[in-house]
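# Close look at the chain arrangement
Letter by letter, the chains look like this.
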Amino acid sequence: MDRVNVSIAFPVFLLVCFGLLMVFSASVFVAENLTTQPFYFGYKHIIFILLGILSIIITSFIPSDFYARFDWLILIGSILLLCTVFLPGIGYEVNGSRRWINLIFFKLQPSELAKLALIIYVCGYCLRRNQELASTAGFLRPLILLSVISTLVMAQPDLGTTLILCLIAVVILFFAGISVFQFIMLTITMLGLAASAIFLAPWRIARLTSFIDPFQTFMDSGWQLSNALIGSGRGELFGVGLGASIQKNLYLPEPHTDFIFSIIVEELGMVGGIILIIIFGALVYALLKESSNCFGLGRYFQGLFCFGVGILISIQTMFNIGVNIGLLPTKGLTLPFISYGGASLITFMTMIGITLRISFENNNKT
Amino acid sequence: MAKSLELKSWRALIVFFLFIIFLMLILFRMAYLAFIQDDFLNNKGKDLTEGLRPIKILRASIYDRNMIPLATTINQYDLYGLKGLEKDDIPFVISGNSIKFVENKLTKKSLIKKDLSLEELEKIKKLRNNYLEIEEVESRIYPFGEQFSNMVGFAGKDGKGLEGIELIYDEVLSGEDGLKRIYKNRNQEPFKKPEILREPYKGEDIVLTLDKDYQFIAFKNLIEGIKKFEAKGGSVVILDNKLGEVLAAASFPAYNPNNPNRKIQRNRVLLDAFEPGSIMKPFAYALALANNTIEANSKIDTDPGSLILNGRKIVDPKNYQSITAREVIAKSSQVGASIISLSLEGNTLIEGLKSFGFSKALSIDFPSINFGSINQRENISKHEIASLGFGYGLTASPIQIARAFSVFANDGILKDFVIIKGDYVYETRLLESSINQEVMKSLELVVEEGTGVLARSQFAKVAGKTGTTHKVSSSGGYDDSSYIGSFAGITEIANRSLTIFVTLDEPGLNRYSGGTIAAPVFSEIVDDIYHLSL
């Protein structure tokens, strides 16, 4: 057991426990309203956590080189899963978005798994093609696969996840050594696509305008953000007390998933929010440190992977919090380890499982 | 493989730097929300989740002297269907086309059934249909309807007193609603116990001195008298002489206070000041006796049955010749009464009548109560003095006339009658006992052989005085064809000393004198009270 990297495992343990507590708290009224069973989401979240732990145990037995070897297979599997969303009878639609595969027991969101697959693939690619990376051809290949995934996710449609996927790929590529010119071209292209995606869909424009002044359209498109902000404002420094949130009384939609941070700040105040950010910071620091260890040992794939996971957690956490406090327009993104949602939680825990395995391997080598 | 893959490379540092900047933005934004925008956001939140609601308190009741409710408030439950209610989900058979459906769904909130029974209420609650809404409304009930209508009055839908006792004691009865802050979720359901900001304050019940049985007797006989003598209206007031309390005050036309479309009718007992006519003669007589200007047995010459004063003629129906002062009252001689009045100084007569309470306030509070008036010009003419003696030149309400008559029943003591149980009854002696007895003798004579023989009762000894007044016409002067016939009587029955005053307004022209129309009504009332006491 002393081979387990506690500086990674302990923050994750804290986050998952805290997440469970907050999912219970935030979801009671929504659950009661939907199912008459106030702990419906809380109990399901426990099951997801158990599945996540199972996933950590399984991945800790798999040598990390396995991923480096079969990265493309994993990516193709992920792409196929993304395709099944569009198959009638299997795909599951909510509010006009086809993001889920119906697995009877729960609904799997394959775009969450795609994050893991993409990180593995990009890391593996960088490892194999390091020398060609700066050349145009070497640079374009992973982008073609990225655009395939992006197109599939955008078709769901899910702009938020698409952005995350692109960003994580770009950041890893940038770090691994693409030229500045390529990087700028890439960024401009992505921003252009994102802008056109926004302006081609009227509801995205509504989201954007309501983001600028949510109270202008309080009863309409600004409702969700307004209520999220009310939650943050009401919490002030120390919050209204655990379980005492008023916004979760059906005022704030998605209080236990995308907007759980707002409920956390309402109940535990700015202090609670900052402590949570510090725990995330500790986790990211530990992951980057492990990444550094890998580079020191010449394990470039593992180093890139730890780096990628740390960056993904950072980006998604900051995006989610940014959305919750009105810094970014509303996107359907979960708060890693905290939000209710099986695919997201299990995917992130799997990533942690892999990094723990990497850490274990590093310790054995020294 | 590149060697440059390390976290201290400039590429990694750029990434970290961007992250730090974004993290700072997050912290600033959180602080901005928590410390600068907090009031604004809190208020926005309160607007959504909190609301102020009154804590309703039921209006207090009005009781008769035996605690029988005359006005009381109950909660009534009305069932409404909300927009979107399916036609098949309506739990009652509804009639009428006031409820509109489109595709079997209700288009707007509509009343389905008023005043649900408790069983129906339970049944609806069990349905747990969100489209059915029960509204609690206060409903003011007047169990005796018309009988007490002019007295008790009524309160409006908002529970505010609009007439009668309900109006004048509105503040006492209504109390004050409390105030609470409610917390509701987005489905408008409460999620937290309401916070009480102000406790409600219940009004005080009012107990009247009125007796529902006496009121019934008064009202019934009044209506029968009005029918029989084709009158337009009338009033009956019954006083308990010993207690100084009003037992009944009936007035017609009346209305049903329970009917929302009620048409208010005034309380004639308290509001209708009219010229009392011959009813006033005993008071001039009593004052003359008290001032020693005449004696009970002194002869008064009414020959030739008429008298000219200040160029105006006063006429008796016939020439009574020389009669005693007592007979003047019994026969109700105009000429005799004039002579009795003129034996007094004008001022003495006026002040004397005022001491009986004429033109004076009562200790009864009532909306637009009328205290009457009296002619007290400085250079009052002889004709005017004489007129006061037979009841013209002053106005008085039935309650004032009855109160003044009760002096004779109370051995010369004036009591200030009350209608609220427990109110203090002020009293003053006006007449020596011996003089009062003389007046009583004359009043007994009225019923024994005078104008009031129809007031006799087989069950009780009765004394009283009749009155017949010309009404003032709308064009000025007196109307020869419209009268008020009245009778004021005193009797002891059912262990009570009672003063009963009856007026009938504008009776048919066949019979209109107080002795022929009001006296029989009085007699019937006395008989009914006797039967009630058995």
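## As for the overall build of chain B
- Scanning chain B from N- to C-terminus turns up 16 helices and 23 strands.
- Here chain B holds 534 residues, and 53% of them are scored as buried.
- Long-range pairs, those at least 24 residues apart, make up 69% of the contacts in chain B with a sequence separation of at least 6.
- Carbon together with sulfur atoms contributes 50% to the accessible area of chain B, which is approximately 25,400 Å² in total.

## What to know about the interface of chain B and chain A
- Contact with chain B, which involves 39 residues of that partner, is made by 50 residues of chain A.
- At the junction of chain B and chain A, the tally comes to 0 salt bridges.
- Taken together, the connections running from chain B to chain A amount to 7 residue pairs in polar contact (both at pLDDT 80 or more).
- Counting only elements with at least two residues in the side of chain B that touches chain A, the list comes to α1 (10–36) and α2 (38–49) of chain B.
- Ranked by residue count, the leading element in the side of chain B that touches chain A is α1 of chain B, at 18 residues.
- Classifying every residue of the side of chain B that touches chain A gives 24 nonpolar, 6 polar and 9 charged.

## Section: the side chain of T59 of chain A
Residue and element names in this part refer to chain A.
- Within the element layout of this structure, T59 appears in helix α2 (residues 40–60).
- Looking at T59, the relative accessible area reads 6%, which means it is buried.
- One polar contact links the side chain of T59 to the main-chain carbonyl oxygen of I56, over a distance of 2.9 Å.
- Not counting the four nearest positions on each side in its chain, T59 is found in contact with Y67, T350, G353, I354 and R357.

## Remarks on the sheet that holds strand β22 (residues 478–493) of chain B
Residue and element names in this part refer to chain B.
- Read across the sheet, 5 strands follow the order β12-β11-β23-β22-β21 without closing on themselves; strand pairing throughout is antiparallel. What marks the edges here is a single partner per strand, and that holds for β12 (245–252) and β21 (462–472). With strand direction ignored, the average angle separating the axes of adjacent strands in the sheet is 10°.
- Strand direction decides the pairing type here: β22 and strand β23 (residues 496–505), joined by 10 bridges, are antiparallel. Paired with G485 across the strands is L504, a residue of β23.

## Re the environment of D88 of chain B
All names here are of chain B.
- Positionally, D88 belongs in the loop between β3 (69–81) and β4 (101–102).
- Residue D88 is classed as exposed on the basis of its relative accessible area of 74%.
- Measuring from C-alpha to C-alpha, the distance between D88 and N104 comes to 7.8 Å, with 16 residues separating the pair along the chain.

## Focus: the side chain of D71 of chain A
Residue and element names in this part refer to chain A.
- When you line up the elements, D71 lands in helix α4 (residues 71–84).
- Take D71: its relative accessible area is 0%, and that puts it in the buried class.
- A polar contact is formed between the side chain of D71 and the side chain of R128, at a distance of 2.9 Å.
- Ignoring any residue separated from it by four or fewer positions in sequence, one finds D71 in contact with I120, Y121, G124, Y125 and R128.

## Some points on the sheet that holds strand β1 (residues 50–55) of chain B
Residues and elements named next belong to chain B.
- The strand order across the open sheet built from 3 strands is β1-β8-β9, with neighbouring strands paired in antiparallel fashion. Of all the strands in the sheet, just β1 and β9 (190–198) have a single pairing partner and so form its edges. The sheet shows a mean angle of 30° between the axes of neighbouring strands, taken without regard to direction.
- Looking at chain direction, strand β8 (residues 178–184) and β9 are connected through 5 bridges and run antiparallel. Bridged to R181 within β9 is E195.
- α2 rests against β1 and β8 of the sheet, and its axis sits at about 45° to β1.

## Looking at the packing of aromatic side chains
All names here are of chain A.
- All told, the structure shown has 33 aromatic pairs over all chains when counted by the stated rule.
- Ring centres of F10 and F13 lie 6.4 Å apart, and the angle between their planes is 25°; on these two criteria the pair is classed as stacked. Remark: F13 and F10 occur in helix α1 (residues 6–35); sequence separation between them is 3 residues, near one turn of the helix.
- Between F337 and F348, the aromatic rings sit 5.6 Å apart at their centres with planes inclined by 50°, giving tilted as the arrangement.

Reading guide: rules and limits
- Residues numbered from 1 in each chain as written.
- Chains lettered and ligands numbered in written order.
- Predicted model: local features only at pLDDT ≥ 70, side-chain atom pairs only at ≥ 80, totals over all residues.
- Heavy atoms only, no water.
- Helix = DSSP H or I, 4+ residues; strand = E, 2+ residues; numbered from the N terminus.
- Buried < 20%, exposed > 50% of the residue type's maximum accessible area, 1.4 Å probe, protein only.
- Contact = heavy atoms within 4.5 Å.
- Areas by Shrake-Rupley, 256 points an atom, 1.4 Å probe, with all protein chains shown as cover.
- Salt bridge = Lys/Arg side-chain N within 4 Å of Asp/Glu carboxyl O.
- Polar contact = N/O pair within 3.5 Å; in protein donor to acceptor, adjacent residues only side chain to side chain.
- Nonpolar A, V, L, I, M, F, W, Y, C, P; charged D, E, K, R; others polar.
- Pairing = 2+ DSSP bridges.
- Axes fitted to C-alpha atoms, helices over the stretch in contact; angles between N-to-C directions.
- Phe/Tyr/Trp six-rings, centres within 6.5 Å; stacked < 30°, edge-to-face > 60°.

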